[in-house]
Structure formats: structure tokens, C-alpha cells
Amino acid sequence: MPDNGRVIVSCTHGAENPDSVVVSYLTAGAALDAGKDVVMWLTSEGVRLALRGYVDPIREGQEPPVKRVHDQFIEKGGRFYVCPICFNDRSLDEGELVQNAELKGATPLMEFAGDGAMTFSY
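Before going into details, it helps to say that this report is about the structure given with it. All chains use their own residue numbering, which begins from 1 and follows the written sequence. Restriction of local features to residues with pLDDT of at least 70 applies here, the model being predicted, together with a cutoff of 80 or more for giving and counting side-chain atom pairs; totals for whole chains, interfaces and linings are based on all residues. For side-chain calculations, the full set of non-hydrogen atoms in the structure is used, while hydrogens and water are omitted.

Right, let's talk about unusual backbone geometry for a bit. Here the amide bond leading from Glu63 into Pro64 is cis, since omega sits at -10°, within 30 degrees of zero. On the secondary structure map, Pro64 appears in the loop between β2 (37–42) and α2 (66–75). A positive phi angle is found at Ser44, which is not glycine, with a value near 50°. Runs of E in the DSSP output that reach at least two residues are strands. Runs of H or I that reach at least four are helices, and both are numbered from the N terminus. With respect to the helices and strands, Ser44 occurs in the loop between β2 and α2.

Checked against the element boundaries, Pro65 lands in the loop between β2 and α2. Sequence separation between Pro65 and Gly105 is 40 residues; the distance between their C-alpha atoms is 28 Å. Only heavy atoms enter the contact rule, under which two residues are in contact if any of them lie within 4.5 Å. When sequence neighbours within four positions are dropped, the list of residues in contact with Pro65 reads Ile58, Arg59 and Glu60.

Further remarks concern the packing of helix α1 (residues 18–33) against α2. The contact between α1 and α2 brings their axes to 9 Å, and the two run at 30°. Comparing the axis directions of α1 and α2 gives the class roughly parallel. Crossing angle aside, the handedness with which α1 passes α2 is left-handed. For the pair formed by α1 and α2, the contact residues are Val21, Val22, Tyr25, Leu26, Ala28 and Leu32 on the first element and Val66, Val69, His70 and Phe73 on the second. Geometry is summarised by axes, namely lines fitted to C-alpha atoms with helices restricted to the contacting stretch, and by angles between N-to-C directions that run from 0 to 180 degrees. Working definition: roughly parallel below 35 degrees, roughly antiparallel above 145 degrees, roughly perpendicular at 65 to 115 degrees, and oblique for all remaining angles. Left-handed describes a crossing in which the near helix is turned anticlockwise from the far one by less than a right angle; the clockwise case is right-handed.

With that out of the way, let us pick up the side chain of Thr43. Looking at the secondary structure, you find Thr43 in the loop between β2 and α2. Exposure remark for Thr43: the relative accessible area of 12% places this residue in the buried category. In contact with Thr43, other than residues within four places in its own chain, are Cys11, Thr12, Cys83 and Cys86. Whether a residue is buried, partly exposed or exposed follows from its accessible area with a 1.4 Å probe, protein chains only, as a fraction of its type maximum: under 20%, in between, or over 50%, in that order.

This part covers the pattern of salt bridges. Any two side chains of opposite charge can pair if their charged atoms end up close together. We count a salt bridge whenever a side-chain nitrogen from Lys or Arg sits within 4 Å of a carboxyl oxygen from Asp or Glu. Under the definition given, this model contains nine salt bridges. The partner of Arg59 in a salt bridge is Asp19, and the shortest N-O contact between them spans 4.0 Å. Pair noted here: Arg59 is in the loop between β2 and α2 and Asp19 is in helix α1, with a separation of 40 residues, a long-range link. Among the ionic pairs, Arg52 bridges to Glu96, the shortest N-O distance being 3.4 Å. With Arg52 in the loop between β2 and α2 and Glu96 in the loop between α3 (84–89) and β4 (101–103), this pair connects stretches of sequence that are 44 residues apart.

Inspection of helix α4 (residues 106–113) places Leu109, Phe112 and Ala113 among the buried residues, and these make up the whole buried set. The arc that holds the buried residues of α4, viewed along the axis, is 100°, so those residues lie on one side. Turned more than 90 degrees off the buried face of α4, the exposed positions are Thr107, Met110 and Glu111. Where α4 is buried, its residues touch β1 (6–11), β2 and β3 (79–82). Two residues or fewer past α4, Gly114 is found with a positive phi of approximately 55°. In this context, the arc is that of the directions from the helix axis out to the C-beta atoms.

Should DSSP find at least two bridges between two strands, the strands are taken to pair. Relative to β3, β2 runs parallel, the two being bridged by four bridges. Bridged to Leu42 within β3 is Val82. The pairing of β3 with β4 spans three bridges and is classified as parallel. Paired with Tyr81 across the strands is Glu102, a residue of β4. Handedness of a crossover is defined as follows: orient the strands so they point away from the viewer, and if the path from the first strand over the helix to the second runs clockwise, the crossover is right-handed. The handedness of the β3 to β4 crossover, carried by α3, is right-handed.

Right, here's the structure in full:
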């Protein structure tokens with residue numbers, strides 16, 4: 001598979017699975033550090049990660065806290081594609097999305113992937 005410099009990190013979890021959440025952010029952050037163009041694809045309960053303040057208590061008091069790696073991901077230019085169906089099924093408010101987060105479904109995700117993005121799923 002050709003390497004187009006793009007990475008997709010899929011996360012289906014929220015506060016109910018802090019290990020998967022933190023590993024998602026660590027993977028995405030490492031890809032950004034390597035110079036990759038990175039999208040976190042948030043589905044199921046993972047859509048909540050894109051809401052302002054939601055990540056703040058996750059792993060608070062542990063290393064690393066999710067708030068820190070979340071903020072670093074945004075600061076480094078990482079983007080969130082938030083599944084609109086999952087988001088709307090939970091009656092969430094689009095006005096509460098963090099910087100770099102957009103409601104984007106499978107078609108925009110496939111366009112981002114192009115001819116071969118590296119993918120990780122948590």
C-alpha cells in the first residue's frame with residue numbers, strides 16, 4: 001500500500017474506556033510528531049471526545065492525563081472527523097465541538113484516506 005503521509009486513528013470509546021482513549025491520542029500524537037497528516041475518526045461513544053471539557057476528568061491524576069494529550073493533539077494541528085450519525089443519535093450540540101473538529105461521515109473519511117492512509121483502531 002502506498003504511503004500518502006496520512007494517518008487515521010479511529011476511537012469508538014469515551015470515558016468508559018480511558019485506556020483506549022489515551023492510547024488513541026498517544027498514537028495520533030506520535031504520527032503528528034513524525035510529520036503525518038492526522039485525523040482522529042470518532043464514532044460511537046468516541047464522538048464525545050470532541051466536546052469541549054469532556055476529556056478533562058479522564059485519567060486526571062494519572063500519567064498522561066487525557067486533557068494534556070488532547071490539547072497537544074489540537075495544538076499540533078490534528079483534526080477530528082466526528083461521525084454525524086453517532087453524534088446526532090446522542091442528541092449532542094454541534095456548538096460544543098472543540099477546535100479542529102467537524103461532523104464528517106464515511107465519504108469525507110474515504111476522501112482523506114485517498115490511496116492508502118495508515119490506520120489504527122481503538
